[in-house]
Every structure is written in structure tokens, then in C-alpha cells.
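Here are the chains, one letter per residue:
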Amino acid sequence: MEADDEDVEDTLDLHLPADFLARFVAGTACLLDRLPTWGPVVTPVGFFHLVPVRIDDDLPLVHRWMNDPEVARSWELAGSQSRTEEHLRAQLDGDGRSVPCLGVLDGTPMSYWEIYRADLDPLARHYPARPHDTGIHLLVGGAADRGRGLGSALLRAVADLILDRRPACARVVAEPDLHNTPSVAAFLSAGFRFVAEVDLPGKRAALMIRDRVLRDVL
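Read on for an overview of the structure. Because the structure is predicted, anything quoted here is derived from the model rather than measured.

## Side note on the layout of surface pockets
Thinking step 1. Taken as a whole, the largest pocket spans an internal volume of roughly 1600 Å³.
Thinking step 2. Here the lining of the largest pocket is built from residues that sort into 20 nonpolar, 14 polar and 12 charged.

This is the structure we're talking about:
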């Protein structure tokens, strides 16, 4: 269920100054259909909003999450704050094909997301990509939020949000490490199907896809 217009407007005003928003809604930065304007949604676990990362405000939080031992095993971005900043700026200063976001649940940032054009990503060399395939990367920041179904609920909500806001996108794609059983299970619970094993730089991945045509079935 979507939030009402007044809630959307208030949330956008709170998190997204006009000069920041402009970076994502003009020119080549429309590759993800103006993601910052998608607005919040109501999910089974609360009121959820994807908000693009702002380096000045959000870097310390994302850096702390990246240095959590459980997160570091999958993301391999532990280390100095400058390393996290470089990873974020590579996306924010790019052409808009990948947008790093905070996942804000009931007003509290609790997860980090990367929403990206899988068909324009190196991933496309490893599977039969289709135009406008959209990918998801996710980490749940706090240990207390892991292992209780939040990830699955939010993955389903975000995948559905992508399909709702990107009418040209027929598939949402993910590529968790094949050996990360909890992550693979979360995607399966969120309505993704396992398609294949693929060899990616640094890992053997499970290619997971949520299809628009199957969204009401899975």
C-alpha cells in the first residue's frame, strides 16, 4: 500500500533538498526513473522509504555498518571511512545507473540499499540480461534487525516498488553469494526464484529473479 500524498510530500521535504533531488531527476540521471521521487510505502513491518544517501549526513552510519563483522564478510568494504566514501561517491557522481540509499523504517535508518540497472552493470555479462532489468543489493544494519523476517518483507516491498515505479522493468534481479544461505532464503521468501549459479568476481552467486508476471503468484 502506498502512503498518501501528504505523507509523501512531507517525507520528501524532510530528506531531499531541491538541489540534491535535481541530481537524480534530470538528464542521464533518469536511468532509474527518478528514484528519489518514488515516495514511501506501507509494508507489513512498517512505514518504509528509500532515501538516497547524502555523504555529509550518512557516511558515518554506512561506514559503521560496513565494519560490522557479519556485514563485512559479504560486502568486503570494512576499513577506513574514506573507503566507504569512495564506494558511495562512485555511484553518486556517476550517471545514475546505481543509487545508494538508506532504508528508513518508521523514521529510523536501518538498512543500506543499492538499486541499480542490472542491464547496464557488469553483471549483464554473466546472464541473459533484458533491457531495464533492475538489481538490488541490501544490508540490514543492526544485528537486532537481522534474523526476524525484516529482510524478506522489505525485499518484497522494494521489488514491488521497483516494478510499480519502473513500468519498463519486467524483472528485479539479485545475486547473493551462493553460500550465504540466510540471504538466499530471504530472497526466496520475498518472491524471487532461483535461476542459476553464476561466477562473479570474488564469489559464486545465486542468480535470483522476481518477475513482474509472477509477482501475484510468488
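This is not the end of the story, as more comes after the structure.
## Some words on unusual backbone geometry
Thinking step 1. For D33, which is not glycine, the phi dihedral falls at a positive 50 degrees.
Thinking step 2. The topology assignment puts D33 in the loop between α2 (18-22) and β1 (41-43).
Thinking step 3. A residue is classified by how much of its surface remains accessible, and D33, at 32% relative accessible area, is partly exposed.
Thinking step 4. One non-glycine residue, R34, lies in the positive phi region at around 55 degrees.
Thinking step 5. Take R34: it is sitting in the loop between α2 and β1.
Thinking step 6. Exposure remark for R34: the relative accessible area of 42% places this residue in the partly exposed category.

## A few points about the sheet that holds strand β3 (residues 98-105)
Thinking step 1. Reading across from one edge, β1-β2-β3-β4-β5-β6-β8-β7 is the order of the eight strands in this open sheet, with mixed pairing throughout. In the strand order of this sheet, the two ends are held by β1 and β7 (193-200), each with one partner. Geometrically, the sheet is characterised by an average inter-axis angle of 30 degrees between neighbouring strands, direction not taken into account.

## Looking at the packing of helix α6 (residues 150-165) against helix α7 (residues 181-189)
Thinking step 1. Between α6 and α7, whose axes approach to 8 Å, the crossing angle comes to 50 degrees. Taken as axis vectors, α6 and α7 run oblique relative to one another. Seen along the crossing, α6 lies across α7 with a hand that is right-handed. Contacts between α6 and α7 involve S152, L155 and R156 on the former and, on the latter, A186, F187 and S189.
Thinking step 2. Its residues assigned to classes, the contact of α6 with α7 shows three nonpolar, two polar and one charged.

Cut-offs applied
Residues numbered from 1 in each chain as written. Predicted model: local features only at pLDDT ≥ 70, side-chain atom pairs only at ≥ 80, totals over all residues. Heavy atoms only, no water. 1 Å grid on protein atoms, 1.4 Å probe; cavity = no way out; pocket = protein on both sides within 12 Å on 5 of 7 lines; lining within 4 Å. Points joined across faces, edges and corners; volume = space filled by probe spheres on them. Nonpolar A, V, L, I, M, F, W, Y, C, P; charged D, E, K, R; others polar. Helix = DSSP H or I, 4+ residues; strand = E, 2+ residues; numbered from the N terminus. Buried < 20%, exposed > 50% of the residue type's maximum accessible area, 1.4 Å probe, protein only. Pairing = 2+ DSSP bridges. Axes fitted to C-alpha atoms, helices over the stretch in contact; angles between N-to-C directions. Parallel < 35°, antiparallel > 145°, perpendicular 65-115°, else oblique. Left-handed = near helix turned anticlockwise from the far one by under 90°. Contact = heavy atoms within 4.5 Å.

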